[in-house]
Amino acid sequence: MRKQYVVAALAVIFSLFVLTADCISGELEAFRGQKGTLKISGGTAHIPVMKEAAQRIMSAFPEIQISIAAGGSGVGIKQVGEGLVNIGNTGRKPTDDEIARYQLKVHQWALDGVGVVVNPKNRVKALTKAQVMDIFAGRIDNWKSVGGENRKINLYTRDEASGTREVFWEKALDKGMISPGANVVVSNGAMKSAVAQDSYGIGYVSVGHIDRTVAPVALDGVVPTIKTVKEGKYKIARGLYSNTKGESTGLTRAFIKYLYSPEGRKIVEKAGFIPFP
């Protein structure tokens, strides 16, 4: 009887092993036989995609370890360029100078929009580009001037290393001034939390991060959504990039290829971005 139980238990273990092996997707097969540590840092908008991809890979192949850190696009470029990480993520395309200095290879795998957001209680849900420029420059400092309450506007922005800030500054503000009195936050998540807790706050986040805690503001009549970015109607958009120092190899190459795979593209869409190309 005991022998029968042992045989049955072994059969169950074997069945589970076969089932697990069968559950590994074709895209993940590229990681079979790989092991070691992959280090990623940089843009914060990328993190939901990076985390889910990493979890799927590490669950299938425990000998692979993937670490993910934020810090902004500037940090991603500097750290990958100095060999501190394998992949440096950016919310903007690296400049020609950065590419030459660090011998970067640029991999764009998504398109994202950057939208102005306010607290859901704020009745101002539409602004012109000129009004947005004046608000962020500090020339308009009261909500009453744009149809809201007679209350001071509280500005929120990102630090200068942020790719989200650079795209917003370049495309929404036409490289105009951002008031030195603006509150600086460190990530899309922190921006969203700040505006969600401030009835008179205004900031900007990746469109993929907009949820019920903040309200998107239409810019010149176009609401920032995945749909309007994809259709090209909403113009404050940017690419999401993963950059490597020179040609990628081994685990780094497999990870980047995974982002372009059908499974990777689904992860990108799930995070609220548009797969590219």
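Definitions and limits used
Every chain begins its residue count from 1, and numbering advances along the sequence as written. A pLDDT threshold of at least 70 governs which residues receive local features in this predicted model, and a stricter bar of 80 or more applies before side-chain atom pairs are shown or counted, although totals over entire chains, interfaces and linings include all residues. Excluding hydrogens and water, the side-chain values take into account all heavy atoms of the structure. Runs of H or I in DSSP of at least four residues are treated as helices and runs of E of at least two as strands, each being numbered from the N terminus. Buried, partly exposed and exposed residues are distinguished by accessible area as a fraction of the type maximum, computed with a 1.4 Å probe on protein chains only: under 20%, between the cut-offs, and over 50%, respectively. We call two residues contacting when some pair of their heavy atoms lies within 4.5 Å. Note on areas: Shrake-Rupley, 1.4 Å probe, and residue coverage restricted to the protein chains presented here. We count a salt bridge whenever a side-chain nitrogen from Lys or Arg sits within 4 Å of a carboxyl oxygen from Asp or Glu. In this analysis, the expected span of each helix is defined as 1.5 Å times one less than the number of residues it contains. Only C-alpha atoms enter the line fits that serve as axes; for helices the fit covers just the stretch in contact. Angles between N-to-C directions range over 0 to 180 degrees. Each angle receives one of four descriptions, namely roughly parallel if under 35 degrees, roughly antiparallel if over 145, roughly perpendicular if within 65 to 115, and oblique otherwise. When the near helix sits turned anticlockwise from the far one by under a right angle, the crossing is termed left-handed; a clockwise turn instead gives a right-handed crossing. For this analysis, a polar contact is any N or O atom pair within 3.5 Å, provided that within protein one partner can donate a hydrogen and the other can accept it, and provided that sequence-adjacent residues contribute only side-chain to side-chain pairs. Only buried Ala, Val, Leu, Ile, Met, Phe, Trp, Tyr and Cys residues count toward a nonpolar core, and they belong to the same one when joined by side-chain atoms within 4.5 Å. Method remark: on a 1 Å grid restricted to protein atoms, a set of points is classed as a cavity if a 1.4 Å probe fits but cannot get out and as a pocket if it is open with protein on both sides within 12 Å along at least five of seven lines; lining residues have an atom within 4 Å of a point. Grid points are joined across faces, edges and corners, and a volume is the space filled by probe spheres set on the points. Put simply, Ala, Val, Leu, Ile, Met, Phe, Trp, Tyr, Cys and Pro go in the nonpolar bin, Asp, Glu, Lys and Arg in the charged bin, and everything else, Gly too, in the polar bin. As a per-residue measure, pLDDT tells how confident the predictor is, with possible values from 0 to 100.

### A few points about the overall build of the protein
Helix and strand content of the protein: 10 helices and 12 strands. In terms of overall dimensions, the protein has a C-alpha envelope of 85 × 50 × 30 Å along the principal axes. Taking all 277 residues of the protein together, the buried fraction comes to 48%. Sequence separation of at least 24 residues holds for 75% of the intrachain contacts in the protein that already meet a minimum separation of 6. Surface accessibility of the protein: about 13,700 Å² in total, with carbon and sulfur atoms responsible for 55%.

### A short note on the pattern of salt bridges
One pass over the structure, following the stated rule, counts 16 salt bridges. Notably, a salt bridge pairs Lys-105 with Glu-247, separated by 3.7 Å at the nearest N-O pair. Taken together, the positions of Lys-105 in strand β4 (residues 104-118) and Glu-247 in the loop between β11 (237-245) and α9 (250-260) put the pair 142 residues apart, joining distant regions of the chain. Where Glu-231 meets Lys-227, a salt bridge forms, and the shortest distance between an N and an O atom there is 2.7 Å.

### Points about helix α2 (residues 47-60)
End to end, α2 covers 20 Å across 14 residues, agreeing with the expected 20 Å (1.5 Å per residue, within 8%). Those residues of α2 lying buried are Ile-47, Val-49, Met-50, Glu-52, Ala-53, Ala-54 and Ile-57.

### Considerations on helix α5 (residues 129-137)
Residues of α5 that are buried: Val-132, Ile-135, Phe-136 and Ala-137. Just downstream of α5, Gly-138 is the residue with a positive phi angle, here 90 degrees.

### Digging into the packing of α2 against helix α10 (residues 262-270)
The geometry of α2 relative to α10 is characterised by a closest axis approach of 9 Å and an angle of 140 degrees between their N-to-C directions. One finds that α2 runs oblique with respect to α10. For the pair α2 and α10, the crossing hand works out as right-handed. Along its contact with α2, which presents Val-49, Glu-52, Ala-53 and Arg-56, the element α10 presents Glu-263, Ile-267, Val-268 and Lys-270.

### Considering the side chain of His-107
Residue placement: His-107 occurs in strand β4. For His-107, a relative accessible area of 15% puts it in the buried group. For His-107, the side chain forms a polar contact with the side chain of Thr-244, separated by 3.4 Å. Apart from residues no more than four positions distant in its own chain, His-107 is found in contact with Leu-240, Tyr-241, Ser-242, Asn-243, Thr-244, Ile-256 and Tyr-260.

### Re the nonpolar core
Membership of the largest hydrophobic core comes to 39 residues, with the highest contact counts inside it found for Leu-127, Val-132, Ile-135, Phe-136, Trp-143, Phe-168 and Ile-202. Residue assignment for this core shows that the elements contributing at least two residues are β4, α5, β6 (154-158), α6 (163-172), α7 (188-196) and β8 (201-206). With 4 residues, β4 is the single largest residue contributor to this core. Not counting chain neighbours up to four residues away, the residues in contact with Phe-168 comprise Val-114, Val-116, Val-132, Phe-136, Leu-173, Tyr-204 and Ile-236. Grouped together as the second largest cluster of nonpolar side chains are 28 residues, Leu-240, Phe-255, Tyr-258 and Val-268 included.

### What about empty space enclosed by the protein?
Empty space left among the atoms is revealed by rolling a probe the size of a water molecule over them. Counting across every chain of the model gives 1 cavity of 30 Å³ or more. Volume-wise, the largest cavity comes out at about 40 Å³. Around the largest cavity, the lining residues are Gly-43, Thr-44, Ala-45, His-46, Gly-72, Ser-73, Gly-91, Arg-158, Ser-162, Gly-163, Thr-164 and Arg-238. Split by residue class, the lining of the largest cavity holds 1 nonpolar, 9 polar and 2 charged.

### Details of the confidence of the model for the protein
When the pLDDT values of the protein are averaged, the result is 91; 91% of them are 70 or greater. Note on residues 2-22: pLDDT is under 50 here. Beyond four places in sequence and across chains, it has 0 contacts.

### Examining the packing of α2 against α9
In contact at an axis separation of 11 Å, α2 and α9 are set at 115 degrees when each is read in the N-to-C sense. Judged by the angle between their axes, α2 and α9 are roughly perpendicular. Note that α2 runs across α9; the crossing there is right-handed. Counting all contacts with α2, which are made through Val-49, Met-50, Ala-53, Ala-54, Arg-56 and Ile-57, the residues of α9 involved are Phe-255, Tyr-258 and Leu-259. A per-class count over the contact of α2 with α9 returns 8 nonpolar, no polar and 1 charged.

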